[in-house]
Amino acid sequence: MSRWATHRQYHRMTQALLLDLVEWVAARPRLYRETMDAWRTSCPRLTIWEDAVAGGFVKCDADRVVVTAKGSQLLYDNGRS
């Protein structure tokens, strides 16, 4: 398998996980600790939580994690709302 094909597979996998995270938070506001317990990873190449925050799809509001308008739009655009 070519390096490019592997990169595309990785991107599809991480995009799916990003959508899963945003959808999970959209179900109800989550505690920050609950989110970290469920979504933190020790793999430096798998940055789903960091990507969701940096992309503006979720945000921390005090001790809660909530979906932003951009995150809601992402779910809608991908048929997950």
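Everything below is about the structure shown above.
An account of the accompanying structure is given in this report.

Attention now moves to the nonpolar core. In terms of nonpolar packing, the biggest core is built from 16 residues, with Leu-18, Leu-21, Val-22, Val-25, Trp-49, Val-58 and Leu-74 touching the most fellow members. Listing elements by their share of this core, those giving two or more residues are helix H1 (3-27), helix H2 (32-39), helix H3 (48-54), strand E3 (64-67) and helix H4 (69-77). Of all the elements, H1 adds the most residues to this core, at 5 residues. Those residues within four positions of Leu-74 in sequence are excluded, and the remaining contacts are Gln-15, Leu-18, Leu-19, Val-22 and Phe-57.

What H4 keeps buried is the set Gly-71, Leu-74 and Leu-75. Looking straight down H4, one finds that the buried residues subtend no more than 95 degrees of arc, so they occupy a single side. Among the exposed residues of H4, those pointing more than 90 degrees away from its buried face are Ala-69, Tyr-76 and Asp-77. Phi turns positive one or two residues past the end of H4, at Gly-79, with a value near 70 degrees.

A separate point is the environment of Arg-80. Tracing the backbone shows Arg-80 in the segment after H4. Assessed through its relative accessible area of 24%, Arg-80 is described here as partly exposed. Between the alpha carbons of Arg-80 and Val-22 there is a distance of 9.6 Å; along the sequence they are 58 residues apart. Contacts of Arg-80, omitting those with residues within four sequence positions, involve Ala-16, Leu-19, Asp-20, Glu-23 and Leu-75. Polar side-chain contacts of Arg-80 include one of 2.6 Å to the side chain of Asp-20.

Another point: the pairing of E3. Moving residue by residue along a regular strand, the side chains alternate between the two faces of the sheet. In the sheet, strand E1 (residues 30-31) pairs with E3 via 2 bridges, with the strands oriented antiparallel. Looking at the pairing, Arg-30 lines up with Val-65 of E3. When strand E2 (residues 58-61) meets E3, the two strands line up antiparallel, connected through 4 bridges. Each residue of the ladder has a partner; that of Asp-61, found in E3, is Arg-64.

Here is what the cut-offs are and how they apply
Residues numbered from 1 in each chain as written. Predicted model: local features only at pLDDT ≥ 70, side-chain atom pairs only at ≥ 80, totals over all residues. Heavy atoms only, no water. Core = buried A, V, L, I, M, F, W, Y, C linked by side-chain atoms within 4.5 Å. Buried < 20%, exposed > 50% of the residue type's maximum accessible area, 1.4 Å probe, protein only. Helix = DSSP H or I, 4+ residues; strand = E, 2+ residues; numbered from the N terminus. Contact = heavy atoms within 4.5 Å. Arc of directions from axis to C-beta. Polar contact = N/O pair within 3.5 Å; in protein donor to acceptor, adjacent residues only side chain to side chain. Pairing = 2+ DSSP bridges.

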